[in-house]
Amino acid sequence: MKFMKLGSKPDAFHAEGNTVRYVSSELATDVIINVGEVKFYLHKFPLLSKSNRLHKLVLKAHEEDSEEIHVANFPGGPKAFEICAKFCYGMTVTLNAYNVVAARCAAEYLEMSEDVDRGNLIFKIEVFLNSSIFRSWKDTIIVLQTTKSLLPWSEDLKVIGRCVDSIASKTSVDPSSISWSYTYNRKLSVPDRIVEHGMKIPERVDYVPKDWWVEDICELDIDQYKRVMIAVRSKGRMDGNVIGEALKTYVMRWLPDTIDSFASEVHHMRNKSLVETIICLLPSDRGLGCSCSFLLKLLKFSVLVGVDETPREDLIKRISLKLDEASINDLLIPARSSQATIYDVELVQALVDGFMLHEKCCWEAKITGDFVLGHGSWLNVGKLIDGYLGEIACDPNLSLSSFILLSQSIPESARPIHDGLYKAIAIYLKEHPNLTKAERKKICGLMDVKKLTMDASMHAAQNELLPLRVVVQVLYFEQVRAASVVQRREDSNSITNAEEEWDKTLPNECNDSLGKQMSRLKITRDGNGPKNGKLSKKGSKNSLSGVQLLRSRSRRIFDKLFVSGKGNGYGENRSSETSGSSPSPTSMIQGETKSSGSSSRHRRNSVS
């Protein structure tokens, strides 16, 4: 911490209790100055030689024939006045970050300027502020904190403005040159590494993060913090993610952990002001800076303290842009007092509507059918809302219309699997046993039983709360799915056997690769290869006979394939496969048992 000593004489001030201060001297005191509740017994000459204000007050007291001078609303109180008085006497005074602003305001009040005496207190304090305090990161923050109790003097003297500008300028400095962050340096000095010989060597940390300054300014009051962050943003050199991290750190530092303490009347106005200020300070780019989880926490707090509609609407728009990053717990926002439900479903509905509106505008050109190519954010939101419906379904006050409206806010392409939706519907039916038959049918109409997985279908088939028609549909599509599985297995076996038969029927030379066959193939008229490895010219007789040889050889290969499939009842097997009978697993198995081993393989290898 920076400090400055003024004066050289020993301190001769003494105290009697808490209300009396006097100077020990051979000369009797001739003036009494009342500052607050403290009486100062002093001498006129040293005071009047430095302070124009005291000179006027002494003359006024003399005219009124009064021995005492009353100073009202003195900035900094008795302690600041004592510093000024000691300076007038030439006694040793130590100025630091904790008392320099009070001394500066007191000197301004007492008019201790250069017009009264050269090298007066105002001049010396200004030199100390500009040369030491505002160049120190730690001291500037401390000085800014002390200005709150000295308003409006500290504002009029531009001490606050200079502190804010100094802090904002230092935050945008290259992190590699940082040496003044007292919080960060204090953390670096803690860990030490013990070597084998018993020597302690501090660990060296070469990397300084961009947000090194975030925790230091969290000690500021919300009004001071707002001014600093506005100045940081106005510089235009700070990344939006760092600003978002700073806001998050400040919220974690000052907002209470529990909802009950947050909504208490004791700190209600302070918390409301804090939340509104943080929303105001969010990065201008709505898509960057802060995580969706942090923004939803702010939204939850804004509901609890009753933040005004304008900042809350801005927050909702920000969250809508990145709703796919949220979690279910983030959406569990307590309902307002005017709502009957446990959680604020209307607010989540507004978030989903905003997200879908934004996404459809951005991806309208990429829609193919009813599925958006590469649009994973839709799938994330679909899964998120299904999980949220499962959480709120147990609320007895949740209306059926609210449940259906929120469910239908998600497009079909965002919900390829309906397991989550089925789970939410099953919970809602269980917690709302008084639903009518029509209402049960309506809520079950939200899900598509064809999009249920095997486990969900098995559960739905045994769920007595579902309408009978839904259960029948589940059983039917499960049977169809089972039949298709058996069909695929049979087709897979047919392909495997066909490949084996293909290898047996083809000549040995056909098992070689096409490249090897072409390399061995000699295009000649008489069957002899070209001399010296040269190919025949285009259009020659050798070339023509080579083409005919290639065609005849390919024809022999394919003729052998056709011959292998013509006998042994090929036509009978083909007619059975193309008949109009139901492709049930049972009929397919019976058809296999009628054919013998080798003939069955030949029939599957036939090519129509």
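Residues numbered from 1 in each chain as written. Predicted model: local features only at pLDDT ≥ 70, side-chain atom pairs only at ≥ 80, totals over all residues. Heavy atoms only, no water.

**Student:** Give a description of the overall build of the protein that names residues and reports values.
**Tutor:** Along the protein, the regular secondary structure elements total 28 helices and 11 strands. Here the protein, with 608 residues, has 41% of them falling under the buried criterion. Of the contacts made within the protein by residues no fewer than 6 positions apart, 68% connect residues no fewer than 24 positions apart. When the accessible surface of the protein is totalled, it reaches about 35000 Å², and 53% of it is carbon and sulfur. (Helix = DSSP H or I, 4+ residues; strand = E, 2+ residues; numbered from the N terminus. Buried < 20%, exposed > 50% of the residue type's maximum accessible area, 1.4 Å probe, protein only. Contact = heavy atoms within 4.5 Å. Areas by Shrake-Rupley, 256 points an atom, 1.4 Å probe, with all protein chains shown as cover.)

**Student:** With reference to specific residues and values, describe unusual backbone geometry.
**Tutor:** Between leucine 151 and the following residue, proline 152, the backbone shows a cis peptide bond with an omega angle of 5 degrees. With respect to the helices, strands and loops of the structure, proline 152 is situated in the loop between helix 6 (137–146) and helix 7 (153–156). You will see that lysine 158, though not glycine, has its phi angle at about 65 degrees, which is positive. Relative to the assigned elements, lysine 158 resides in the loop between helix 7 and helix 8 (159–171).

**Student:** Go over the sheet that holds strand 4 (residues 31–35), please, and point to the residues and values.
**Tutor:** One open sheet accounts for 5 strands, arranged 2-3-5-4-6; its pairing is mixed. If you trace the sheet from one side to the other, it starts and ends with strand 2 (13–16) and strand 6 (68–71), each paired once. Within the sheet, the average angular offset between the axes of one strand and its neighbour, ignoring direction, is 20 degrees. One ladder, built from 4 bridges, connects strand 2 with strand 3 (residues 20–23); its direction is antiparallel. When the bridges of strand 3 are listed, phenylalanine 13 appears paired with valine 23. (Pairing = 2+ DSSP bridges. Axes fitted to C-alpha atoms, helices over the stretch in contact; angles between N-to-C directions.)

**Student:** For the pairing of strand 4, give the residues involved together with the corresponding values.
**Tutor:** Of all the 5 residues making up strand 4, 5 are buried; the element is thus mostly covered by neighbouring parts of the structure. Here strand 4 shows no split at all, with Val31, Ile33 and Val35 on one side and Ile32 and Asn34 on the other all buried. Of the pairings in the sheet, the one linking strand 4 to strand 5 (residues 38–42) comprises 5 bridges and is antiparallel in character. Within strand 5, the residue paired with isoleucine 32 across the bridge is tyrosine 41. Hairpin connection of strand 4 to strand 5: 2 residues between the antiparallel strands, including glycine 36 at a positive phi of 65 degrees. Sheet analysis places strand 4 next to strand 6, joined by 4 bridges and oriented parallel. Along strand 6, the bridge assignment pairs valine 35 with valine 71.

**Student:** Account for the confidence of the model for the protein, naming residues and giving values.
**Tutor:** When the pLDDT values of the protein are averaged, the result is 77; 71% of them are 70 or greater. Confidence over residues 367–374 falls short of pLDDT 50; this stretch has 11 contacts with residues more than four positions distant or in other chains. Under a pLDDT of 50 for its full length, residues 505–608 has, in the predicted model, 68 contacts with residues more than four places off or in other chains. (pLDDT = per-residue confidence, 0-100.)

**Student:** If you had to explain the pattern of salt bridges to someone new, which residues and values would you point to?
**Tutor:** Between side chains of opposite charge, a pair can form when the charged atoms approach closely. All chains considered together, the criterion is met by 17 salt bridges. For the salt bridge of glutamate 219 with arginine 253, the shortest nitrogen-to-oxygen distance reads 3.4 Å. Pair noted here: glutamate 219 is in the loop between strand 9 (200–202) and helix 10 (222–235) and arginine 253 is in helix 11 (residues 240–254), with a separation of 34 residues, a long-range link. Residue classification places arginine 253 among the partly exposed positions, given a relative accessible area of 38%. It is possible to trace a salt-bridge network through shared partners that takes in Asp11, Arg21, Glu82 and Lys86. (Salt bridge = Lys/Arg side-chain N within 4 Å of Asp/Glu carboxyl O.)

**Student:** Break down the packing of helix 3 (residues 77–89) against helix 4 (residues 100–109) for me, citing the residues and quoting the values.
**Tutor:** Interaxial distance between helix 3 and helix 4 falls to 9 Å at its minimum, and their mutual angle equals 70 degrees. By the angle between their axes, helix 3 is roughly perpendicular relative to helix 4. Touching Ala80, Ile83 and Cys84 of helix 3 are Ala102, Ala103, Ala106 and Ala107, all from helix 4. Its residues assigned to classes, the contact of helix 3 with helix 4 comprises 7 nonpolar, no polar and no charged. (Parallel < 35°, antiparallel > 145°, perpendicular 65-115°, else oblique. Nonpolar A, V, L, I, M, F, W, Y, C, P; charged D, E, K, R; others polar.)

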